[in-house]
Amino acid sequence: MMTDIADATRVSLGRPFRMLIGETWREASGGARMEAINPADEQPFATIPAGTAADVDMAVAAARRAFDTGAWTGLTAGRRAQVLWRVADLLEARAQEFAELETLDNGKPVSAARAADLQLAIGAFRYWSGWCTKITGETPTVDLPGTFMAMTLREPVGVVAIITPWNFPLVQAVVKIAPALAAGCTMVVKPAEQTSLTLLRLGEVLLEAGVPPGVVNIVSGLGSVAGAALAAHDDVDKISFTGSTPVGKTLLTAAQGNLKRLTLELGGKSPTILMEDADLDRAIPSVAGGIFRNAGQMCAAGSRLLVARTVVDRVMDGLVQQALALRIGPGMHPATTLGPLVSAAQQHRVLSYIEGARREGVGVITGGHAAGDRGYFVAPTILLDPDARATVSREEIFGPVLVVTPYDDPADLARLANETVYGLSANIWSRDVAAAYRLARQVKAGTITVNSGMIVAPALPFGGFKQSGWGREGGAEGLSAFMETKSIITAL
């Protein structure tokens, strides 16, 4: 399989992956390294430094020096905008290398990594470059006796800890790094230990583009070691985290010491709702893509399907056809449309949920098993839970597993959609746009699409209700997450 990679990727893999702290590429302070495992064949193909708390201390100190000395904010806003645009250009020039590294590390089809992940990352840097010159304050009126001049200023929050997941390694980091840079912050980035390669290489791009040393530091290693030390560090002013809800809850404790700010983009159990009059020719492929894309390893995956009983048979037949048409295989194979899960642990988790569903009497319509004799593959799976009471209808699985529940009364839809601790996203399909809009107003979720699959873009706020997180990423709200507001009032 390694014979299929581009020359640039081969060269990249031939160079050591090291952490970026200040202006120096470093090994871990203890010298330990961790293996990067290809989830398609279970074989190690690279190693990364196993960063320690001491490495985190050095990285935070470098970020603090860069912030306090104005290494980044001392540049004009226009110059910072040029640097971020240059990052996008350099990333675009290395897109094939980054896509292949992502596929080898994460398992996703390389076609998806190139067409989706890389394009989203490139577009994010270009979008946020425009914000550098558009950060303004206000001049409020002071309604008190006397004469006052009042102004508000928007200032960067300071040193940010960016902790990212393994499902979209590059994109999930970029949607934090780019707005943090636009806001004027410095940062320490801790990528997921399963998928650190593209983030370590992104450090090269950032420095080449003109981001000053110390502004972005990248420390690889275990979440329980490097991640925990970073989250609890008293010289970090903010944490921006994407990952599971249980881990997100631990960050509440980690933030207590200095009351650092938190943005948490957490789990989901998102419903897709097919009303009786839905355009099924459009909806069925979208439903399949919403759960089987990236092997279902998406926080906003449409993992629950609520479908009108009058059309459930047609929908199920169509979904089974969609599932069976997927080409399961290594992500580096051009024909692959469903790659492996990221790790043996994740494969075990998903298969355990399916076995638990069987024990609870849930019907397995298709799939429900591992695929192949090598690699962490799970066949696309469709389950039928008529009462929406089974564990698989309530808990996040994070795999290619769709749970279908028929409904009879549309009046029950809001209740069914909201019967979960999560509230990240939802999709509604109906030709009656007014009815879909009324339902959307009742569903407790941060992003709701009507007659479309999930839509993400840098300008759109993204985040969840309930236990799906705190705060928003994207757009003006996403920028505000990395800023503080200061009021200055002068008596005249």
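Coordinates for the structure precede this section.
Residues numbered from 1 in each chain as written. Predicted model: local features only at pLDDT ≥ 70, side-chain atom pairs only at ≥ 80, totals over all residues. Heavy atoms only, no water.

A. Expanded view of the sheet that holds strand β11 (residues 271-274). Taken together, the seven strands give an open sheet; going across it, the order is β13-β14-β15-β12-β11-β17-β18, and neighbouring strands pair in mixed fashion. Edge positions in the sheet fall to β13 (363-366) and β18 (447-450), since each of these pairs with one other strand and no more. Across the sheet, the mean angle separating the axes of adjacent strands is 20 degrees when strand polarity is ignored. Relative to strand β15 (residues 401-407), strand β12 (residues 304-308) runs parallel, the two sharing five bridges. Paired with leucine 306 across the strands is threonine 405, a residue of β15. Lying on the sheet, helix α10 (residues 280-292) is in contact with β11, β12, β14 (381-384), β15 and β17 (425-429); it crosses β11 at an angle near 170 degrees. (Pairing = 2+ DSSP bridges. Helix = DSSP H or I, 4+ residues; strand = E, 2+ residues; numbered from the N terminus. Axes fitted to C-alpha atoms, helices over the stretch in contact; angles between N-to-C directions. Contact = heavy atoms within 4.5 Å.)

B. Structural context of empty space enclosed by the protein. Throughout the structure, instances matching the rule amount to four cavities of 30 Å³ or more. Along the walls of the largest cavity sit 13 residues, with Ala301, Ser303, Glu396, Ile397 and Phe398 positioned nearest its centre. Taken as a whole, the second largest cavity spans an internal volume of roughly 60 Å³. If you go around the second largest cavity, you meet 15 residues; those closest to its centre are Pro271, Ala417, Tyr422, Gly423 and Lys444. Secondary-structure elements contributing two or more residues to the lining of the second largest cavity are α14 (413-418) and β16 (422-423). Its residues placed into classes, the lining of the second largest cavity shows six nonpolar, five polar and four charged. (1 Å grid on protein atoms, 1.4 Å probe; cavity = no way out; pocket = protein on both sides within 12 Å on 5 of 7 lines; lining within 4 Å. Points joined across faces, edges and corners; volume = space filled by probe spheres on them. Nonpolar A, V, L, I, M, F, W, Y, C, P; charged D, E, K, R; others polar.)

C. Structural view of unusual backbone geometry. The backbone of alanine 295 sits at a positive phi, close to 55 degrees, despite the residue not being glycine. When you line up the elements, alanine 295 lands in the loop between α10 and β12. On the accessibility criterion, alanine 295 (4% relative accessible area) is buried. Positive phi, normally seen in glycine, also occurs at alanine 388, with a value near 55 degrees. Relative accessible area serves as the criterion here: at 15%, alanine 388 is assigned to the buried category. (Buried < 20%, exposed > 50% of the residue type's maximum accessible area, 1.4 Å probe, protein only.)

D. How the structure looks around the nonpolar core. With 63 residues, the main nonpolar core has Phe125, Ile177, Met187, Leu202 and Val216 as its most contacted residues. Not counting the four nearest positions on each side in its chain, methionine 187 is found in contact with Ala63, Val160, Ile162, Ile177, Ala180, Leu181, Val215, Val216 and Asn217. Residues Ile291, Val320, Val404 and Ala417 belong to the second largest nonpolar core, which totals 42 residues. (Core = buried A, V, L, I, M, F, W, Y, C linked by side-chain atoms within 4.5 Å.)

E. How the structure looks around the packing of helix α2 (residues 53-68) against helix α8 (residues 223-232). Where α2 contacts α8, the axes come no closer than 8 Å and their chain directions differ by 40 degrees. By the criterion of interaxial angle, the relationship of α2 to α8 is oblique. When the axes of α2 and α8 are compared, the crossing they make is right-handed. Residues Ala53, Val56 and Val60 of α2 touch α8, and the partners they reach there are Val225, Ala226, Ala229 and Leu230. (Parallel < 35°, antiparallel > 145°, perpendicular 65-115°, else oblique. Left-handed = near helix turned anticlockwise from the far one by under 90°.)

F. Broad picture of the environment of glycine 469. Along the chain, the position of glycine 469 falls in strand β20 (residues 469-470). Relative accessible area serves as the criterion here: at 8%, glycine 469 is assigned to the buried category. Counting along the chain gives 206 residues from glycine 469 to threonine 263, while the straight-line C-alpha distance between them is 7.5 Å. Look past the residues within four positions of glycine 469 in its chain and what remains in contact with it is Leu264, Leu266 and Gly464.

G. Representation of the pairing of β18 within the structure. Residues of β18 alternate between two faces, with Thr447 and Thr449 buried on one and Ile448 and Val450 left unburied on the opposite face. With four bridges joining them, β17 and β18 adopt parallel strand pairing. Counted as the bridge partner of alanine 426 is isoleucine 448 from β18. With helix α15 (residues 433-442) bridging β17 and its parallel neighbour β18, the resulting β-α-β unit is right-handed. (Right-handed = clockwise from strand over helix to strand, strands pointing away.)

H. Local environment of the pattern of salt bridges. For the structure on display, the rule yields 22 salt bridges. Between glutamate 97 and arginine 94 there is a salt bridge; the shortest N-O distance is 2.9 Å. One exposure class covers both glutamate 97 and arginine 94, and it is buried. Residue glutamate 193 is joined to lysine 190 by a salt bridge in which the shortest nitrogen-to-oxygen separation is 3.4 Å. Within the structure, one salt-bridge network assembled from shared partners comprises Arg15, Arg94, Glu97, Arg201 and Glu204. (Salt bridge = Lys/Arg side-chain N within 4 Å of Asp/Glu carboxyl O.)

I. Geometry of the packing of helix α1 (residues 7-14) against helix α4 (residues 95-106). For the pair α1 and α4, interaxial distance at closest approach is 8 Å and the crossing angle is 60 degrees. Between α1 and α4, the crossing angle belongs to the class labelled oblique. The hand of the α1/α4 crossing is right-handed. Here Ala8, Thr9, Ser12 and Leu13 of α1 lie close against α4, whose contacting residues are Gln96, Glu97, Glu100, Leu101 and Leu104.

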